[in-house]
Amino acid sequence: MTFALNIEKSVSGQAWRWRRASDGETAMEQLVDELLLARGVASEDLARHRDPRIRDFLPDPSAFRDMDKGARRVADAITAGETVAIFGDYDVDGATSAALLTLLFRRLGIEPMVYIPDRLMEGYGPSGTALCELKARGATLAVTVDCGAQAFEALEAAKAAQLDVIVVDHHQCATLLPVAHAVINPNRLDEDEIGAAHGHLAAVGMAFLLGVAVVRELRARGYFAEREEPKLIDLLDLVALGTVADVAKLRGLNRAFVTQGLKVMGGRQNVGLAALAEAARLVKAPSCRDLGFALGPRINAGGRVGKSDLGVRLLTTADPEEARQIAGELDRLNEERRAIEFQVCEEAELKARDQGDAPVITVMGAGWHPGVIGIVAGRLKERFGRPAIVIAEGEDGTGKGSGRSISGVDLGAAVLAAKDSGLLVAGGGHAMAAGLTLPAGGLEAFRSFINERLAGDIESAIGSRALLLDTLLAPGGIVGELCDALDAGGPYGAGWPSPRVAAGPCRLLNTGIVGDGHVRGLACGDDGKTFKWIAFRSGTTALGQALLASAPDTRWWLAGSIKRDEWNGGNAAEMHVDDAAAA
């Protein structure tokens, strides 16, 4: 086994490996292709991936089971002027999915009802009560988005009430499907090859494909002979937001969705998104990172600690004043969410430390807010490097849980298996995230099951873990133009990791601690060329301590990402250090 720069164990205890076989430094003009090849793109397919466009990646919607059946039923409802209801989840993927179909249906001539369940009072997914209520209010068709794949009892109740239901979801399915007019889900176990190849799409991506199929069906019926056909491309800003916020893998079609969606978002056509960007104090056109860390959390805050429908209302309003008010409220709720999250995270981390080397961190606490447990699970996963499940215990002893996984470990399938084994009241999800409902007194049995089920996968995933590098740079190569070249290989996110480079050999100058435990300094190469670097929140870690203690004549390899230092209006490049090793 070969190691990058012969580093078998770095300061932080990791091996370094090239993401793709490398002979060393890469010319700037070749860098984008090298980044694409290292992320699995075939050499003959490079042209398509350099500038990912929707038309180059969009499959025929008819390739998905039940898509044409669902599109025909929606087209029937539109042409007949039926009352259609959209039932969405309360997270960003659910909100953007519901908003996308709402805006599309409006442009097709109908105003749908929108129902977003309350996280605390109703929980995840459709209930029979809610669907029957929609029927009583006049709906003849309901479309569930980002939920419904496991809603067996609820959809039985809808059928008994003579309410047609189309399920648009992406969560893992059981062998049996719930009764519905159509179940559109690339993760159906009976999905064909093309459909199954798109199992990484978020629900909003599937909603977009349904929109494509509906518009095509209406076009074939001559529906647009006397009315304007809606431009689906204008809705890609919602697709991009939902895809990134749901941590869907940015491969293939998803990468095209986000690339083109960011362009649409830059035009600020959606009044609500423009107001939210203003509330989040984004002065530039949003980036992929902004979707995940600025806009997404604010939309999520409504469903987590506020009113569950605020996100959909924001994304579908045409009134700038209403948009500003809702965006301001979501911004306030996000601050409240952060305070609650901090408290729960501290308590959960203490409980996690008591579990030693358990494969899966599974913690439960009374009084924990169910709206933040998914975020806290993500924090624990990052902190301990293992899948984490955080459960909020109710007054009756039952628990609402949310889990986050690591690459190579399918948590959603394991939770679904626990449900099928009778250990959970409800549960499901996808590879990287899952939700569950735990019966009173069921924690230890579930914990034992999930640990035994995933122990082998986790051991394998952790054992093969290494710091992956894309290229080697001389200290003088860390310049602003490099940032532009690296960005051209994006957008980066889940399944399409940001580039990490190694630089050196170099000596460390002016090293010290700044801010909240960040270690920073200047690196100087053998040729006298220098670059700035910073290792965030590393002051008490092995990495930070090694950098701080470095002797003036010690030479290092530094590994990390290259970013522009825009502090106080600057534009120079600097390295955000992830690891270091002696040269």
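Residues numbered from 1 in each chain as written. Predicted model: local features only at pLDDT ≥ 70, side-chain atom pairs only at ≥ 80, totals over all residues. Heavy atoms only, no water.

On to the domain arrangement of the chain, then. Taken domain by domain, the chain consists of domain 1 (15-45 + 470-582), domain 2 (58-332) and domain 3 (355-463). Between the C-alpha centres of domain 1 and domain 3 the distance comes to 34 Å. (Domains from an automatic or database assignment.)

Bringing unusual backbone geometry into the picture now. Cis geometry marks the peptide bond from Gly490 to Pro491, where omega comes out at 5 degrees. By secondary structure assignment, the location of Pro491 is in the loop between α19 (480-487) and β14 (501-514). The peptide bond linking Gly504 to Pro505 adopts the cis configuration, its omega dihedral lying at -10 degrees. Located in the positive-phi region is Asp146, a residue other than glycine, with phi close to 65 degrees. Relative to the helices and strands, Asp146 is located in the loop between β4 (141-145) and α7 (152-160). (Helix = DSSP H or I, 4+ residues; strand = E, 2+ residues; numbered from the N terminus.)

This part covers helix α10 (residues 236-245). Extensive coverage of α10 is indicated by the burial of 9 of its 10 residues. Residue Val247 follows α10 closely and has a positive phi angle near 55 degrees. (Buried < 20%, exposed > 50% of the residue type's maximum accessible area, 1.4 Å probe, protein only.)

Following the criterion strictly, the structure yields 3 aromatic pairs and no others. A ring pair is formed by Phe208 and Phe257, whose centres lie 5.4 Å apart and whose planes are at 75 degrees; its orientation type is edge-to-face. Taken together, the residues Phe208 in helix α9 (residues 203-220) and Phe257 in helix α11 (residues 253-266) connect sequence positions 49 residues apart. Overall, Phe208 belongs to the buried group, its relative accessible area being 3%. Ring centres of Tyr223 and Phe224 lie 5.6 Å apart, and the angle between their planes is 80 degrees; on these two criteria the pair is classed as edge-to-face. (Phe/Tyr/Trp six-rings, centres within 6.5 Å; stacked < 30°, edge-to-face > 60°.)

Inspection of the secondary structure puts Val179 in the loop between β5 (164-168) and β6 (182-184). Classification of Val179 as partly exposed rests on a relative accessible area of 27%. C-alpha of Val179 to C-alpha of Ala434: the two residues are 255 residues apart in sequence and 23 Å apart in space. With near-sequence residues (within four places) excluded, Val179 lies in contact with Leu155, Glu156 and Lys159. (Contact = heavy atoms within 4.5 Å.)

This part is about the pattern of salt bridges. Tallied over the full model, the rule gives 35 salt bridges. For Asp51, the salt bridge identified is with Arg53, shortest N-O distance 2.8 Å. Note on Asp51: relative accessible area 30%, which makes it partly exposed. The residue Lys381 makes a salt bridge to Glu382 at a minimum N-O spacing of 3.2 Å. The exposed category is assigned to Glu382, whose relative accessible area is 57%. (Salt bridge = Lys/Arg side-chain N within 4 Å of Asp/Glu carboxyl O.)

The next subject is the UniProt feature "domain: DDH" (unreviewed entry) in the chain. UniProt marks residues 84-243 with the feature "domain: DDH" (unreviewed entry), using the numbering shown here. Here residues 84-243 is 40% helix and 13% strand, with 25 Å between the C-alpha atoms at its ends. (UniProt positions renumbered as here; feature names shortened; annotations may be inferred.)

Let's shift gears to the packing of α11 against helix α13 (residues 288-305). At a closest axis distance of 10 Å, the pairing of α11 and α13 adopts a crossing angle of 70 degrees. By the angle class used here, α11 and α13 are roughly perpendicular. From α11, Val258, Leu262 and Met265 reach across to α13, where they touch Cys288, Leu291 and Leu295. Looking at the contact of α11 with α13 residue by residue, the class counts come to 6 nonpolar, no polar and no charged. (Axes fitted to C-alpha atoms, helices over the stretch in contact; angles between N-to-C directions. Parallel < 35°, antiparallel > 145°, perpendicular 65-115°, else oblique. Nonpolar A, V, L, I, M, F, W, Y, C, P; charged D, E, K, R; others polar.)

Turning to the nonpolar core, a few remarks are in order. Core analysis: the biggest nonpolar cluster contains 119 residues, and Phe105, Trp533, Leu558 and Met575 have the highest contact counts within it. Top element by residues in this core is α9. It accounts for 11 residues. Mapping this core onto the domain boundaries places at least three of its residues in each of domain 1 (15-45 + 470-582) and domain 2 (58-332). Sequence-distant contacts of Phe105, that is, excluding residues within four places in its chain, are made with Val74, Ile78, Val84, Ile86, Ile110 and Pro112. Judged by nonpolar contacts, the second largest core, of 22 residues, contains Ile389, Ile406, Val409 and Ala418. (Core = buried A, V, L, I, M, F, W, Y, C linked by side-chain atoms within 4.5 Å.)

Below, the discussion takes up the state of the cysteines. Counting across every chain of the model gives 0 disulfides. For Cys173, which is in no disulfide, the shortest distance to another cysteine sulfur is to Cys147 and amounts to 12 Å. Cys288 provides the cysteine sulfur closest to Cys483, a residue in no disulfide bond, and the two sulfurs are 17 Å apart. (Disulfide = S-S within 2.5 Å.)

So, about the environment of Gly374. For Gly374, the position within the fold is in helix α16 (residues 373-384). Residues Gly374 and Ala220 lie 154 residues apart in sequence; the distance between their C-alpha atoms is 44 Å. The contact partners of Gly374, leaving out residues within four places of it in the chain, are Ser402 and Arg404.

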